[in-house]
Amino acid sequence: MSGRTARRRVLRVTVAPGGPAVTAARADLLAGEEPLGIRVDGTALSMTMRTPGDDIELAAGFLVGESIVQARDDVAAMKICDGTSCGHLDHTADEIGNIVDIALVPGIAVRPGARRGFMTTSACGVCGKTSVSDICDLPHDPLGGDATVFDPAVLASLPDRLRAAQRVFSSTGGLHAAGLFTAAGELLVAREDVGRHNAVDKVVGWALLHEKLPLAGCALLVSGRASFELVQKAVLAGIPLLAAVSAPSSLAVELAEEAGLTLVGFLRGPSMNVYAHGHRVAS
């Protein structure tokens, strides 16, 4: 496994007004991207492209988002395969440090639809699913009972607070971020990744490992758009409000309405759009 960043030599080209382009060789810092395999009870469950780091959290959050586990007690053990102490002697050199091995407690099983048919990219949270019913697995109105109200002024302050916590983004400019906040605006945890869904999985996995699920009364902020799969992950983690600095999709809004999730988009500067369940945003 490599690090979160990689240094590469690039050719910098600058176009001067009214003159020829100027070129110069320089070093550039890139966000790392490598495959991560997730095995459950000895069987491959999924492989995703991610930024190395917080891999146990990513795998734990993935299990929550797939409705496989709901609490820390559902997981017997989680470890990074190192090729020796993990007991698996069939790893290639590229797999060392890039596989998370998970053991579930007796009685917790992986439903057939959760297994991915192929590698998911850093841009895809539901790739490999075989049917719509596999994608959407939610109880009816699971967040309807969460009466938390969020101050618009506090919500407007969250993007700057999340950006301040994006350490790798500040040096590469190439990562998404997800941040979990209290209703008072306190940042509980922030995670970065080349994939939006991976960043969210890392946040949810952190909460699972620290026995904080469900995340009632919290807000989740993502640095990009709000897609269907991010709404589903937020709902399954018990988060009543999901905010994004960009737009939501139509299906994300529909799922938020059905699940009782407050969905905020275009959270930039002093303004925002509330697409679903605006009763949680104080007027």
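Look above for the structure.
No experiment lies behind these values; they were computed from the predicted model shown.

1. Some points on the pairing of strand β11 (residues 262-268)
- Along β11, five of the seven residues are buried, which leaves the element largely enclosed by surrounding structure.
- Pairing analysis gives three bridges linking strand β10 (residues 241-244) to β11, with the strands arranged parallel. Bridge assignment links L242 to a residue of β11, and that residue is L263.
- On the question of chirality, the crossover connecting β10 to the parallel β11 by way of helix α7 (residues 250-259) is right-handed.
- Across four bridges, the pairing between β11 and strand β12 (residues 271-276) is antiparallel. Within β12, the position partnered with V264 by the bridge is V274.
- Here β11 folds back onto β12, and the loop between the two strands holds two residues, one of which, G269, carries a positive phi near 60°.

2. What to know about the pattern of salt bridges
- Counted under the stated rule, the structure contains six salt bridges.
- The partner of D55 in a salt bridge is R50, with the nearest N and O atoms 2.8 Å apart.
- A residue is classified by how much of its surface remains accessible, and D55, at 6% relative accessible area, is buried.
- Using a relative accessible area of 0% as the deciding quantity, one classes R50 as buried.
- Across the salt bridge formed by D201 and K233, the nearest N and O atoms sit 2.9 Å from each other.

3. Remarks on the sheet that holds strand β6 (residues 99-104)
- Pairing in this open sheet of four strands is mixed, and the strands run β4-β3-β6-β5 from one edge to the other. Where the open sheet ends on each side, the last strands, each with one partner, are β4 (43-50) and β5 (75-80). Averaged over all neighbouring strand pairs, the angle between strand axes comes to 20°, with direction disregarded.
- Judged from the seven bridges that link them, strand β3 (residues 34-40) and β4 form a sheet pairing that is antiparallel. Its bridge partner being in β4, L36 is matched across the sheet by T48.

4. Some words on the nonpolar core
- Grouped together as the largest cluster of nonpolar side chains are 52 residues, with contacts concentrated most on I102, L104, L220, V231, L242 and L263.
- A per-element tally of this core places helix α5 (residues 196-209) first, with seven residues.
- Beyond its immediate sequence surroundings of up to four residues, V231 is in contact with L242, A252, L255, A256, L261 and L263.
- Counting residues in each nonpolar core, the second largest holds 15 residues, with V154, L162, A177 and A219 among its members.

5. Points about a nonpolar patch on the surface
- A surface patch of nonpolar side chains, amounting to about 320 Å² of accessible area, comprises L11, V13 and V15.
- Tracing the backbone shows L11 in strand β1 (residues 5-15).

6. Digging into the sheet that holds strand β8 (residues 187-193)
- Overall, mixed pairing links the six strands, which are arranged β8-β7-β9-β10-β11-β12 in an open sheet. Looking at strand neighbours, the two that pair on one side only are β8 and β12, the edges of this open sheet. Across this sheet, the average inter-strand angle for adjacent strands is 20°, counted without regard to direction.
- Across four bridges, strand β9 (residues 218-222) lies against β10 in parallel orientation. Looking at the pairing, L221 lines up with A243 of β10.
- Packed onto the sheet, α5 meets β7 (176-182), β8 and β9 and runs at close to 145° relative to β8.
- Here α7 sits on the sheet in contact with β11 and β12, set at roughly 65° to β12.

Rules and cut-offs
- Residues numbered from 1 in each chain as written.
- Predicted model: local features only at pLDDT ≥ 70, side-chain atom pairs only at ≥ 80, totals over all residues.
- Heavy atoms only, no water.
- Buried < 20%, exposed > 50% of the residue type's maximum accessible area, 1.4 Å probe, protein only.
- Helix = DSSP H or I, 4+ residues; strand = E, 2+ residues; numbered from the N terminus.
- Pairing = 2+ DSSP bridges.
- Right-handed = clockwise from strand over helix to strand, strands pointing away.
- Salt bridge = Lys/Arg side-chain N within 4 Å of Asp/Glu carboxyl O.
- Axes fitted to C-alpha atoms, helices over the stretch in contact; angles between N-to-C directions.
- Core = buried A, V, L, I, M, F, W, Y, C linked by side-chain atoms within 4.5 Å.
- Contact = heavy atoms within 4.5 Å.
- Patch = residues over 30% accessible without salt bridge, like charges linked within 9 Å, V, L, I, M, F, W, Y side chains within 5 Å.
- Areas by Shrake-Rupley, 256 points an atom, 1.4 Å probe, with all protein chains shown as cover.

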